[in-house]
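Coordinates in review
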Amino acid sequence: NKQFGEDQALLIMKLFRRFREEDLKKPETLDMLVNLLGNGNSTAIRELAFWTLINFVDPMAVGNARLDRFDAGGKQSDREVVMAAWKQRVAELVKK
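Residues numbered from 1 in each chain as written. Predicted model: local features only at pLDDT ≥ 70, side-chain atom pairs only at ≥ 80, totals over all residues. Heavy atoms only, no water.

Details of the overall build of the protein chain
- In terms of helices and strands, the protein chain carries five helices and zero strands.
- Seen in sequence order, the protein chain has helices and strands lined up from the N terminus as α-α-α-α-α.
- In terms of overall dimensions, the protein chain has C-alpha extents of about 45 × 30 × 20 Å along its principal axes.
- Considering the protein chain as a whole, with its 96 residues, one finds that 39% of them fall into the buried category.
- Sequence-distant contacts, at least 24 apart, represent 53% of the contacts inside the protein chain between residues at least 6 apart.
- Roughly 6300 Å² of accessible area belongs to the protein chain as shown, and the carbon and sulfur atoms make up 50% of that amount.
- Between the mean site of the 16 positive side-chain charges and the mean site of the 14 negative ones, the protein chain shows a separation of 1 Å. (Helix = DSSP H or I, 4+ residues; strand = E, 2+ residues; numbered from the N terminus. Buried < 20%, exposed > 50% of the residue type's maximum accessible area, 1.4 Å probe, protein only. Contact = heavy atoms within 4.5 Å. Areas by Shrake-Rupley, 256 points an atom, 1.4 Å probe, with all protein chains shown as cover. Lys, Arg positive; Asp, Glu negative; His and termini not counted. Charge placed at Lys NZ, Arg CZ, Asp CG, Glu CD.)

With respect to the packing of helix α2 (residues 27–36) against helix α5 (residues 76–95)
- Between α2 and α5, the least distance of the axes is 10 Å, while the angle of their chain directions is 170 degrees. When the axes of α2 and α5 are compared, the pair comes out roughly antiparallel. Contacts between α2 and α5 involve P27, L30, D31, V34 and N35 from the former and M83, W86, K87, V90 and V94 from the latter.
- Of the residues belonging to the contact of α2 with α5, the class tally is seven nonpolar, one polar and two charged. (Axes fitted to C-alpha atoms, helices over the stretch in contact; angles between N-to-C directions. Parallel < 35°, antiparallel > 145°, perpendicular 65-115°, else oblique. Nonpolar A, V, L, I, M, F, W, Y, C, P; charged D, E, K, R; others polar.)

Topic: the packing of aromatic side chains
- As enumerated under the stated definition, the model contains two aromatic pairs in all.
- Between the aromatic rings of W51 and F56, the centroid separation amounts to 5.2 Å while the plane-to-plane angle is 80 degrees, which identifies the pairing as edge-to-face. (Phe/Tyr/Trp six-rings, centres within 6.5 Å; stacked < 30°, edge-to-face > 60°.)

Describing the pattern of salt bridges
- Using the criterion set out here, one finds six salt bridges in the structure.
- Across the salt bridge formed by D23 and R20, the nearest N and O atoms sit 3.2 Å from each other.
- Between D58 and R89 there is a salt bridge, and its shortest N-O distance comes to 2.6 Å. Pair noted here: D58 is in the loop between α3 (43–57) and α4 (65–68) and R89 is in helix α5, with a separation of 31 residues, a long-range link. The pair formed by D58 and R89 is uniform in burial state, with each residue classed as buried.
- A network of salt bridges, in which partner residues are shared, links R20, E22, D23 and K26. (Salt bridge = Lys/Arg side-chain N within 4 Å of Asp/Glu carboxyl O.)

Topic: the environment of I54
- In this fold, I54 is placed in helix α3.
- Using a relative accessible area of 9% as the deciding quantity, one classes I54 as buried.
- Along the sequence, I54 and L67 sit 13 residues apart, while their C-alpha atoms lie 8.1 Å from each other.

Digging into the confidence of the model for the protein chain
- Considering every residue of the protein chain, the mean pLDDT works out to 92; 98% of them sit at 70 or more.
- The secondary-structure element of the protein chain with the lowest mean pLDDT is helix α1 (residues 6–17), recorded at 89, while α2 shows the highest, at 96. (pLDDT = per-residue confidence, 0-100.)

Spelled out as structure tokens, the structure:
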């Protein structure tokens, strides 16, 4: 009885190992992390993606109600609101 498939396990390991600083500035990495907030299969993946965003991509987001009120195990509609806010924030970060 496997809890995670091989692809999910590899993704979880990648998220645990963190990303290189230069990768966290790439639009494709940022888009991937934001999209993982909506991952329908794994609360763990959603939580690790959020952890990466809030701790390494934009630590200043802590305390910003639009960005830091993510509940990986919460309702999909609530997650989508925070996901949309992160999409907007990532677009701002990429422009810098």
